[in-house]
Structures are given as structure tokens and as C-alpha cells.
Amino acid sequence: MFYVVRHMPKKKLKGTVVSNKMEKTVVVEVERIKEDPKYKKRYQVHKKYKAHDEEGEYKIGDRVVIEESRPMSKDKKWKVIKKL
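Here the structure is a predicted model, which means the values were calculated and not measured.

Let's shift gears to the sheet that holds strand β5 (residues 78-83). In space, the five strands of this closed barrel follow the order β1-β2-β3-β5-β4, with mixed pairing throughout. Direction aside, the axes of adjacent strands within the sheet are offset by 50 degrees on average. Pairing analysis gives 11 bridges linking strand β2 (residues 25-35) to strand β3 (residues 42-52), with the strands arranged antiparallel. Each bridged residue has a counterpart across the sheet, and for K34 the counterpart in β3 is Y43.

And the structure:
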């Protein structure tokens, strides 16, 4: 008896590189818009993610796409896919 294992698709986020001072790691700030449930006012929320960058090719200010991956360290669970 065989079971087909279907994995969930990996999450992808777009953001801006805000730091590249670590080796093989960049910090990417992702901005999203939330809406207040009662008053319907929209506001921006920012979150920073540490992402793996093997070659060290991304610089501060670059717009990038990051994708969920296996944990590479305590904080690093994303990797940079491409530059926008």
C-alpha cells in the first residue's frame, strides 16, 4: 500500500534587503498592509527576516524574493531566491 505525500507549497515573500553585514546572510524587511477590524483604517506592518545568501551577492536596498526553507540556524529559516 502506497501513500502519496503532498507537501504544502513553500511560502514566498517580497522585501527589501536592510543589512548584509553577516556572512552568507541578509536581513530582509517585508512590508504588508493590515486593516483595523473595527475602524477599517489601513496601516503598514514591517517584519524582518534573516535569509540565506550563499554568494553574498545582494546589497542593501535590493528588492528580493525569499522562500521558506529548512532551518539553517536559530533565526534563519528563509533563503533568497531572486532579485526583483
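Next comes the rest of the write-up.
Turning next to unusual backbone geometry. Phi at K24 takes a positive value of approximately 60 degrees, unusual for a residue other than glycine. Here K24 shows up in the loop between β1 (12-22) and β2. Look at K24 and you get partly exposed, because its relative accessible area is 43%. With phi around 65 degrees, K40 is a residue other than glycine that occupies positive phi space.

Next up on the list: the pattern of salt bridges. Counted according to the given criterion, the structure contains five salt bridges. Between E67 and K12 there is a salt bridge, and its shortest N-O distance comes to 3.3 Å. Here the residue E67 occupies a position in strand β4 (residues 63-68), and K12 occupies one in strand β1, the gap between them amounting to 55 residues. For K12, a relative accessible area of 52% puts it in the exposed group. A salt bridge links K50 to D75, with the nearest nitrogen and oxygen atoms 3.1 Å apart. With K50 in strand β3 and D75 in the loop between β4 and β5, this residue pair connects regions lying 25 residues apart in the sequence.

Calculation notes
- Residues numbered from 1 in each chain as written.
- Predicted model: local features only at pLDDT ≥ 70, side-chain atom pairs only at ≥ 80, totals over all residues.
- Heavy atoms only, no water.
- Pairing = 2+ DSSP bridges.
- Helix = DSSP H or I, 4+ residues; strand = E, 2+ residues; numbered from the N terminus.
- Axes fitted to C-alpha atoms, helices over the stretch in contact; angles between N-to-C directions.
- Buried < 20%, exposed > 50% of the residue type's maximum accessible area, 1.4 Å probe, protein only.
- Salt bridge = Lys/Arg side-chain N within 4 Å of Asp/Glu carboxyl O.

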